[in-house]
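# Structural description and commentary
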Amino acid sequence: MKFFIDTANLDQIKEAQDMGILDGVTTNPSLMAKEGITGHENIINHYKAICEIVDGDVSAEVIATDFEGMIREGEALAKLHPQIVVKVPMIKDGIKAIKYFSDKGIKTNCTLVFSAGQALLAAKAGATYVSPFIGRLDDVSTDGLGLIQEIRLIYDNYGFETQILAASVRHTMHIIDCAKIGADVMTGPLKAIDGLLNHPLTDIGLAKFLEDFKKGN
Ligand code: E4P
């Protein structure tokens, strides 16, 4: 499973990249605003800065919601850097735009996916990634991981190449469960990734090894 970090914070992106386990980055307008990145030029420069830090795919979201606008913005974003993936919302014009980009060899991430039917449409349109938001489904008493399972089954039934990018990952167990189900990618915060490191027996064992080493030296 690929690990993407879900942030626009450059320090956190660098930290994950330095660990050597990072495969890409996802951003959205809310994550940009959280870092105080506003205005077209600043946002564009921020995407470029992220691409300089990581080796993998970097999702950059279109703001337009009409077909022509999405095409215009998406083509400009794709030209910024070869690692840019154009993030397109799951609406009818978005599906048309994904098909257009797919035919032109531009990578896409279909975002704001909350049902198996939406994921099926994204795959039919040729999306590179589909992003089901598992945390937001959990927030409304709906089984987010169950949706990943449904999409996995549907994509495997027909050999769709669209990669399931589990998004809105909130905690460490989400990552482990996504890996068990067979999500192709997960995108989550650094805290959830760091949580994978933790086990008290590791800490106790390491402390004991160091203590015993000192006894013999
Ligand atoms: C990523 O592509 C999504 O925009 C993101 O994971 C949403 O996460 P949230 O539900 O925690 O805002």
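My aim in this report is to walk through the structure given alongside it, one point at a time. Fair warning: this is a prediction, and the values are worked out from it, not measured in the lab.

Moving on, we come to the layout of surface pockets. Unoccupied space between atoms shows up once a probe the size of one water molecule is rolled over them. Put simply, the largest pocket is a space of about 360 Å³. Of all elements in the fold, only helix 2 (29–34) and strand 5 (108–113) reach the threshold of two or more residues within the lining of the largest pocket. Top element by residues in the lining of the largest pocket is helix 2. It accounts for three residues. Taken together, the residues that form the lining of the largest pocket break down as seven nonpolar, eleven polar and six charged. Here the second largest pocket is characterised by a volume of approximately 220 Å³. Surrounding the second largest pocket, Asn28, Pro29, Met32, His40, Ile43, Ile44, Tyr47, Glu61, Ile63, Glu73, Ala76 and Leu77 form its lining. Breaking the lining of the second largest pocket down by element, the ones donating at least two residues are helix 2, helix 3 (40–53) and helix 4 (67–80). With four residues, the single largest contributor to the lining of the second largest pocket is helix 3. Broken down by class, the residue content of the lining of the second largest pocket amounts to eight nonpolar, two polar and two charged.

Once that is clear, we can look at a nonpolar patch on the surface. Together, Met19, Ile21 and Leu197 line one region of the surface with nonpolar side chains, adding up to about 260 Å² of accessible area. Relative to the elements of secondary structure, Ile21 occurs in the loop between helix 1 (10–19) and strand 2 (24–26). Ile21 sits in the partly exposed class, given a relative accessible area of 32%.

The subject of this paragraph is the sheet that holds strand 1 (residues 2–6). Spatially, 1-2-3-4-5-6-7-8 is the arrangement adopted by the eight strands of the closed barrel, whose pairing is parallel. In this sheet, adjacent strand axes meet at a mean angle of 30° when their direction is disregarded. Two elements, strand 2 and strand 3 (residues 57–61), share three bridges in a ladder whose sense is parallel. Bridge assignment links Val25 to a residue of strand 3, and that residue is Val58. Strands in contact with helix 3 are strand 2, strand 3 and strand 4 (84–89); relative to strand 3, the strand with the most contacts, it is inclined by about 170°. Here helix 5 (residues 92–103) sits on the sheet and contacts strand 4 and strand 5; the angle it forms with strand 4, its principal contact strand, is near 155°.

Here we come to the nonpolar core. Across soluble globular proteins, nonpolar side chains have a tendency to be buried as a group. Formed by 59 residues in total, the largest nonpolar core has its most connected members in Ile13, Val25 and Val54. Setting aside chain neighbours within four positions, we find Val25 in contact with Phe4, Ile5, Thr7, Ile13, Ile50, Val54, Asp57, Val58 and Ser59. Of all hydrophobic cores here, the second largest spans seven residues; its members include Val85, Tyr129, Phe133 and Val185.

What follows covers helix 9 (residues 172–181). If you check which residues of helix 9 are buried, you get Thr172, His174, Ile175, Asp177, Cys178 and Ile181. The inward-facing, buried residues of helix 9 contact strand 1, helix 7 (134–139), helix 8 (144–158), strand 7 (163–166), strand 8 (185–188) and helix 10 (190–194). Directly beyond the C-terminal end of helix 9, a positive phi value near 105° is found at Gly182.

The periodicity of an α-helix, 3.6 residues per turn, causes residues three or four places apart in sequence to face the same way. Spanning twelve residues, helix 5 covers 17 Å between terminal C-alpha atoms, matching the ideal 16 Å at 1.5 Å per step. Those residues of helix 5 hidden inside the fold are in contact with helix 4, strand 4, strand 5 and helix 6 (116–125). Phi turns positive one or two residues past the end of helix 5, at Gly105, with a value near 80°.

Conventions used here
Residues numbered from 1 in each chain as written. Predicted model: local features only at pLDDT ≥ 70, side-chain atom pairs only at ≥ 80, totals over all residues. Heavy atoms only, no water. 1 Å grid on protein atoms, 1.4 Å probe; cavity = no way out; pocket = protein on both sides within 12 Å on 5 of 7 lines; lining within 4 Å. Points joined across faces, edges and corners; volume = space filled by probe spheres on them. Helix = DSSP H or I, 4+ residues; strand = E, 2+ residues; numbered from the N terminus. Nonpolar A, V, L, I, M, F, W, Y, C, P; charged D, E, K, R; others polar. Patch = residues over 30% accessible without salt bridge, like charges linked within 9 Å, V, L, I, M, F, W, Y side chains within 5 Å. Areas by Shrake-Rupley, 256 points an atom, 1.4 Å probe, with all protein chains shown as cover. Salt bridge = Lys/Arg side-chain N within 4 Å of Asp/Glu carboxyl O. Buried < 20%, exposed > 50% of the residue type's maximum accessible area, 1.4 Å probe, protein only. Pairing = 2+ DSSP bridges. Axes fitted to C-alpha atoms, helices over the stretch in contact; angles between N-to-C directions. Contact = heavy atoms within 4.5 Å. Core = buried A, V, L, I, M, F, W, Y, C linked by side-chain atoms within 4.5 Å. Expected span 1.5 Å × (residues − 1).

Shape is all these values report; function is a separate question.
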